[in-house]
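Chain by chain, the residues:
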Amino acid sequence: MFQMPIVDLIKEGEQLSATGKRVSVLWQAPESLVFVARGREYRSEFHINPSDEMMYMIKGR
């Protein structure tokens, strides 16, 4: 079993902001993906089962 790495999410967000990037993939496996995203306005993916996605806001409103 692959173990997700321990990451400082605030620092990940700050690094995204500093570099201008929108997404940082932290972990990816055949049926799962963990990433930090800087906003949702540009995202356009969809899910067959909407309960497949969980989102946690790190900072902001």
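The preceding data block contains the structure.
The rules behind the values
The numbers attached to residues start from 1 for each chain and follow its sequence in the written order. Totals for whole chains, interfaces and linings use every residue, but because this is a predicted model, local features are given only for residues with pLDDT of at least 70 and side-chain atom pairs only at 80 or more, for both listing and counting. Working from all heavy atoms in the structure, the side-chain values ignore hydrogens and water. Working definition: helices are DSSP H or I runs of at least four residues, strands are E runs of at least two. Numbering for both runs from the N terminus. Residue exposure (1.4 Å probe, protein chains only): buried if accessible area is under 20% of the type maximum, exposed if over 50%, otherwise partly exposed. What makes two residues a contact is simply this: any of their non-hydrogen atoms within 4.5 Å. Residues enter patches when their relative accessible area tops 30% and they take part in no salt bridge; the joining distance is 9 Å for like charges and 5 Å for the nonpolar side chains Val, Leu, Ile, Met, Phe, Trp and Tyr. Residue burial considers only the protein chains on display, and all accessible areas are found by Shrake-Rupley using a 1.4 Å probe. What makes a salt bridge here is a side-chain nitrogen of Lys or Arg within 4 Å of a carboxyl oxygen of Asp or Glu, nothing more. Within 3.5 Å is the distance limit for a polar contact, defined as a pair of N or O atoms, with the added protein rule that one can donate a hydrogen and the other accept it, and that residues adjacent in sequence qualify only through two side-chain atoms. Should DSSP find at least two bridges between two strands, the strands are taken to pair.

A. Highlighting the overall build of the protein. Each helix and strand counted, the protein has 1 helix and 2 strands in total. Beginning at the N terminus, the succession of helices and strands in the protein can be written as α-β-β. Residues classed as buried in the protein amount to 11% of the 61 residues present. Taking the intrachain contacts of the protein between residues at least 6 apart in sequence as the baseline, contacts between residues at least 24 apart amount to 12%.

B. Representation of a nonpolar patch on the surface. Taken together, the side chains of L9, I10 and I58 make up a nonpolar region of the molecular surface, amounting to roughly 230 Å² of accessible area. You can see L9 is positioned in helix α1 (residues 9–19). Overall, L9 belongs to the partly exposed group, its relative accessible area being 37%.

C. Spatial organisation of α1. Capping of α1 at its N-terminal end is provided by D8; its side-chain oxygen lies 3.2 Å from the backbone amide nitrogen of I10. Just past α1, the residue G20 takes up positive phi, approximately 85 degrees.

D. Focus on the pairing of strand β2 (residues 32–37). As judged from the 6 bridges shared by strand β1 (residues 23–29) and β2, these two strands associate in the antiparallel manner. Bridge pairing in β2 places V25 opposite F35. Taking the residues that link successive antiparallel strands as the turn, the β1-β2 hairpin has 2 residues.

E. Broad picture of the side chain of S24. Here S24 shows up in strand β1. Those residues in contact with S24 that sit more than four places away from it in its chain are E12, L16, V34, F35 and V36.

F. Structural view of the environment of V25. Tracing the backbone shows V25 in strand β1. Separated by 10 residues in the primary sequence, V25 and F35 have C-alpha atoms spaced 4.3 Å apart. Aside from chain neighbours lying at most four places away, what touches V25 is L33, V34 and F35.

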